[in-house]
Amino acid sequence: MTGKERVERAIRRQPVDRVPWVPFVGCHGGALIGAAADEYLKSAAKIVEGVAAAAARYRPDGLPVMFDLQVEAEALGCSLTWARENPPAVTAHPLTQGTKLADLHVPGPDEGRIGTVLAAARELTARLPDIALYGLVTGPFTLALHLLGTDIFMGMFDSPDEVRNLLRFCSDVCLAMARYHLEAGCPIVAVVDPMTSQIGPDQFAEFVTPFVSPVFDAIRDQKGLSSFFVCGHAQQNIVAMCDCGPDNISVDENIPLQYVRQVCEAKKVSFGGNLQLTSVLLLGEPLDAQRNAVACLETGGEVGFILAPGCDLPYATPPENLAAVTEVVLDPYRRDVVRTMAAETVSGERLDMSDYGQQDKVIVDIITLDSEACAPCQYMVDAVRKVAPEFEDIVEWREHKIKYRESLVFMTSLMVRNVPTICIDGQITFVSRIPPRDELVAAIQQRINEKFRMGILQRQGSLHVVGEDSDDMEQVLDAIRRALKELGGDVPVVRIREPEKFRDYGLLPGQTPAVFTVKYQIRARARVPEVAAVREWIKDIL
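Bear in mind that the values here come from a model prediction, so they are computed numbers and not experimental data.

What counts, and where the lines are drawn
- One numbering rule holds for all chains: residues counted from 1, following each sequence as written.
- It should be noted that, the model being predicted, local features are given only for residues of pLDDT at least 70 and side-chain atom pairs only at 80 or more, the latter also being counted only at that level, while totals for whole chains, interfaces and linings use all residues.
- To obtain the side-chain values, all non-hydrogen atoms of the structure were used and water was disregarded.
- Each residue's exposure class comes from its accessible area (1.4 Å probe, protein chains only) as a fraction of the maximum for that residue type: buried when under 20%, exposed when over 50%, partly exposed otherwise.
- Secondary structure counts use DSSP, requiring at least four H or I residues in a row for a helix and at least two E residues in a row for a strand, with both numbered from the N terminus.
- Should DSSP find at least two bridges between two strands, the strands are regarded as paired.
- Take a side-chain nitrogen of Lys or Arg and a carboxyl oxygen of Asp or Glu: if they are within 4 Å of each other, that pair is a salt bridge.
- Expected helix span is taken as 1.5 Å per residue step, with the number of steps being one fewer than the number of residues.
- Cysteine sulfur atoms that pair up within 2.5 Å are treated as a disulfide.
- Here, axes are lines fitted to C-alpha atoms. For helices the fit covers the stretch in contact, and angles between N-to-C directions go from 0 to 180 degrees.
- What sets the label is the angle itself: under 35 degrees gives roughly parallel, over 145 gives roughly antiparallel, 65 to 115 gives roughly perpendicular, and the rest give oblique.
- By convention, the crossing between two helices is left-handed when the near helix turns anticlockwise from the far helix through less than a right angle, and right-handed when the turn is clockwise.
- The contact criterion used is simple: two residues touch if any of their non-hydrogen atoms lie within 4.5 Å.
- By the convention adopted, Pro, Cys, Tyr, Trp, Phe, Met, Ile, Leu, Val and Ala count as nonpolar, Lys, Arg, Asp and Glu as charged, and the other residues, Gly among them, as polar.
- Note on aromatic pairs: the rings of Phe, Tyr and Trp (six-membered ring only in Trp) are paired at centre separations within 6.5 Å, and the planes decide the class, stacked below 30 degrees, edge-to-face beyond 60, tilted for the rest.
- Only lysine NZ and arginine CZ atoms are considered, and such an atom sits over a ring when it is within 6 Å of the ring centre and within 35 degrees of the ring normal.
- Using a 1 Å grid laid over the protein atoms alone, points where a 1.4 Å probe fits but cannot get out form a cavity; open sets with protein on both sides within 12 Å along at least 5 of 7 lines form a pocket; any residue with an atom within 4 Å of a point counts as lining.
- Grid points are joined across faces, edges and corners, and a volume is the space filled by probe spheres set on the points.

### Some remarks on the pairing of strand β14 (residues 462-466)
Extensive coverage of β14 is indicated by the burial of five of its five residues. Strand direction decides the pairing type here: β14 and strand β16 (residues 514-518), joined by five bridges, are antiparallel. Looking at the pairing, Val-465 lines up with Val-515 of β16. Looking at chain direction, β14 and strand β15 (residues 493-496) are connected through four bridges and run parallel. Counterpart to Leu-463 in the pairing with β15 is Val-493.

Encoded structure:
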C-alpha cells in the first residue's frame, strides 16, 4: 500500500495497514534546503526541493505542497510583511483602506503567488506519485479577516449582511482555489480556517457553515477529498465543523484528541493531528516526540485517524524529532520500547510569580505561538497594540512566543494552557479569543482602577490603638490627631478597647496603651498561591 493510498483510505475511514503519517511541512522545507522562508515561499523550484527533501527524510504518507495562508490575501491586495523563519503576515487590510468589495475579483490561477504554488504542485505530483499531496487553501472566514481585519467581529453584530457578502466572495475564492489545486494534481484539498476558533457555535453556524460547506461539496463533486483544518481552542466548534461536510478534520493540541475522536466517529468523519508543535516537536528531544506520537496513536485508533502536527511546522523544528516520529510510526517494536521505558518527569522549571503585576504599570502579556506565523496570534497582538497607546505610560504590553523555551516557561508559570491568551497583570483574561476593542479597554481599565484603589490602601495603611479608655489613652489619641493635622493626611485609626483582644496583639497586662501601624500589601489575587510563596510572606511578618 502506498502512502497516498493509505492517506486516502484513512480519510474515507477504510481499513489501512497502519496509521498514516503526514507532517505539515511548510516553511520548514526551506530550513531543510538552507533557504530562508521568504526566499522559499516565493519560488516553485525551492518548494519542490524542500518538499522532496522532507519526503526523503521523514518518509511520510502525505505532505502539503505549501503552507501559507497569505497567498490568496496577497493576490487580493493585502500588504504582507516577510520574515526569514516564518510565513508572511498580513499587515494592511484593503477593505479598511478605501477598497470596496465590488473592486475585488476572484484571482486567476496565475495571479500573485498562486501560479507559484500550482507549478510546484504539478511538479511534485509527478515526482512523488506515491505521496498524498495536500493543496491548502485559506478558509473563507480567515480570508475575510485578512481583507477586513478585526472589524469583522463588530460587523457580525452591527452589519451582518455586509459581512455575509464578504464571506460569500471569500467562499468563491476558496472554490476557485480548490479547483486549481485539484486540476494541478493534488488529490486532497485542505481548507485551513484558523480564525474560526475565535467564534462560538452559533456564530459559526451563521457566518462559517453557509460559506464553507459549498466548498466541500464542490471538492467531492470533482472527485477530490477534503480536510477542514483549525487551530487554537476550537473545541466548541468540532461538531459544527463536521456538519459542514468535510471528509476529514484536523486539529491541534489545544483540543483533546479523545473528544475529537468521539465526535468524528459519531459523525462518520475522519480526523487527524494533535502532535504538540512547540513544547515537543520544536523544543523537545527525539524521545519526547516519540512518546507524544505513541500517545496520539493510541488515542486516535486505527480507523479514520491520521497522525500529524496541529499546524504548520516551525521553521527551526529539529529534523531528528520528526525522524523520531517516523521511526515509531513505521516500527511496532520501537513503539513497544517507548511505551515500556521508564517515564521521565517533565521539567518543573517555573518562575516565582507571587509578586507579578504589583508594580505601578499594568502589564499585558500576550502568549502566542508566534504572531508572525499564526493568524489568530497576529490579530490578538494587533488588538493589544492598538489600544495600549490610549493609556499612555500606564500600560506596558509584551508578546511571549512559546517557540522559545523562556516563553514556554513563562506560559507554564502563569498556568496558561492555550494560545493565544491575554493575561493582565498575570491574570488569565482572554483565552483563544480576540477581544473586541471596547471589551479589551474595559478589562485594562478595570485593572487600573483596582491598582488605584489598592495603591491608596497600601500608601495609607492604618493605626491600631490598643487599650482601655484612660487619661494616657486620650493623650495618645491627641498626639495622633495633631500629627495627622501637621502632615495634612488622613489615616484610619482603629480603637481596640476589649481586654480579651489585647493578647491578639501580643500585649500583657500593664502594656497598654499601645499603637500598631498596619500596612496593606497584596500577595495573591484571584489565584491559589504556592505554599513556598506563602511561606516567604509569613517570614516577613514573623
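### So, the pattern of salt bridges
Under the criterion given, the structure shown has 27 salt bridges. A salt bridge links Arg-179 to Glu-183, with the shortest nitrogen-to-oxygen separation between them at 3.8 Å. Of this pair, Arg-179 and Glu-183 are both found in helix α9 (residues 160-183), four residues apart, which corresponds to roughly one turn of the helix. Glu-183 sits in the exposed class, given a relative accessible area of 60%. The salt bridge partner of Asp-425 is Arg-447, with a shortest N-O separation of 2.7 Å.

### Concerning helix α16 (residues 319-330)
Over its twelve residues, α16 extends 17 Å from the first C-alpha to the last, a length consistent with the 16 Å expected when each residue adds 1.5 Å. The set of residues buried in α16 consists of Pro-319, Asn-321, Leu-322, Ala-324, Val-325, Thr-326, Val-328 and Val-329.

### Points about the state of the cysteines
Scanning all chains against the criterion turns up zero disulfides. No disulfide involves Cys-170; its sulfur sits 9.1 Å from that of Cys-174, the nearest cysteine. For Cys-170, a relative accessible area of 0% translates into the label buried.

### Things to note about the packing of α9 against helix α11 (residues 209-221)
Taken N-terminus to C-terminus, the directions of α9 and α11 make an angle of 20°; their axes are 9 Å apart at the nearest point. Relative to α11, α9 is oriented roughly parallel. When the axes of α9 and α11 are compared, the crossing they make is right-handed. Residues Arg-164, Leu-167, Arg-168, Ser-171, Cys-174, Leu-175, Ala-178 and Leu-182 of α9 touch α11, and the partners they reach there are Phe-211, Pro-214, Val-215, Ala-218 and Ile-219. The residue makeup of the contact of α9 with α11, split by class, is ten nonpolar, one polar and two charged.

### As for the sheet that holds β14
Spatially, β15-β14-β16 is the arrangement adopted by the three strands of the open sheet, whose pairing is mixed. Two strands in the sheet have a free side with no partner beyond their single neighbour: β15 and β16. Here the strands of the sheet are splayed against their neighbours by 20° on average, with no regard to which way each runs.

### A few points about the packing of aromatic side chains
On inspection of all chains with the given rule, the structure shows ten aromatic pairs. Centroid distance Phe-24 to Phe-229: 4.9 Å. Interplanar angle 40°. Geometry classified as tilted. Of this pair, Phe-24 sits in the loop between α1 (3-11) and α2 (28-33) while Phe-229 sits in strand β6 (residues 225-229); the two residues are 205 residues apart in sequence, bridging distant segments of the chain. Residue class for Phe-229 comes out buried when judged on its relative accessible area of 4%. For the pair Phe-216 and Phe-228, a centre-to-centre distance of 5.2 Å together with 55° between the ring planes defines the contact as tilted. Separated by twelve residues along the polypeptide, Phe-216 in helix α11 and Phe-228 in strand β6 bring together distant segments of the chain. Phe-228 shares its class with Phe-216; the two are buried. Ring-pair connections join several aromatic residues into one group, and the members of that group are Phe-24, Phe-67, Tyr-134 and Phe-229. We note Lys-42 situated over the ring of Trp-82; from NZ or CZ to the ring centre the distance is 4.5 Å.

### A short note on empty space enclosed by the protein
The tally for this structure, following the rule as stated, stands at three cavities of 30 Å³ or more. When its volume is computed, the largest cavity comes out at roughly 60 Å³. Met-66, Asp-68, Val-71, Glu-72, Val-117, Leu-136, Met-177 and His-181 together form the lining of the largest cavity. Mapped onto the lining of the largest cavity, the elements with two or more residues apiece are α5 (71-75) and α9. Each residue belonging to the lining of the largest cavity can be placed in one class, and the counts come to five nonpolar, one polar and two charged. In this structure, the second largest cavity spans a volume of roughly 50 Å³.

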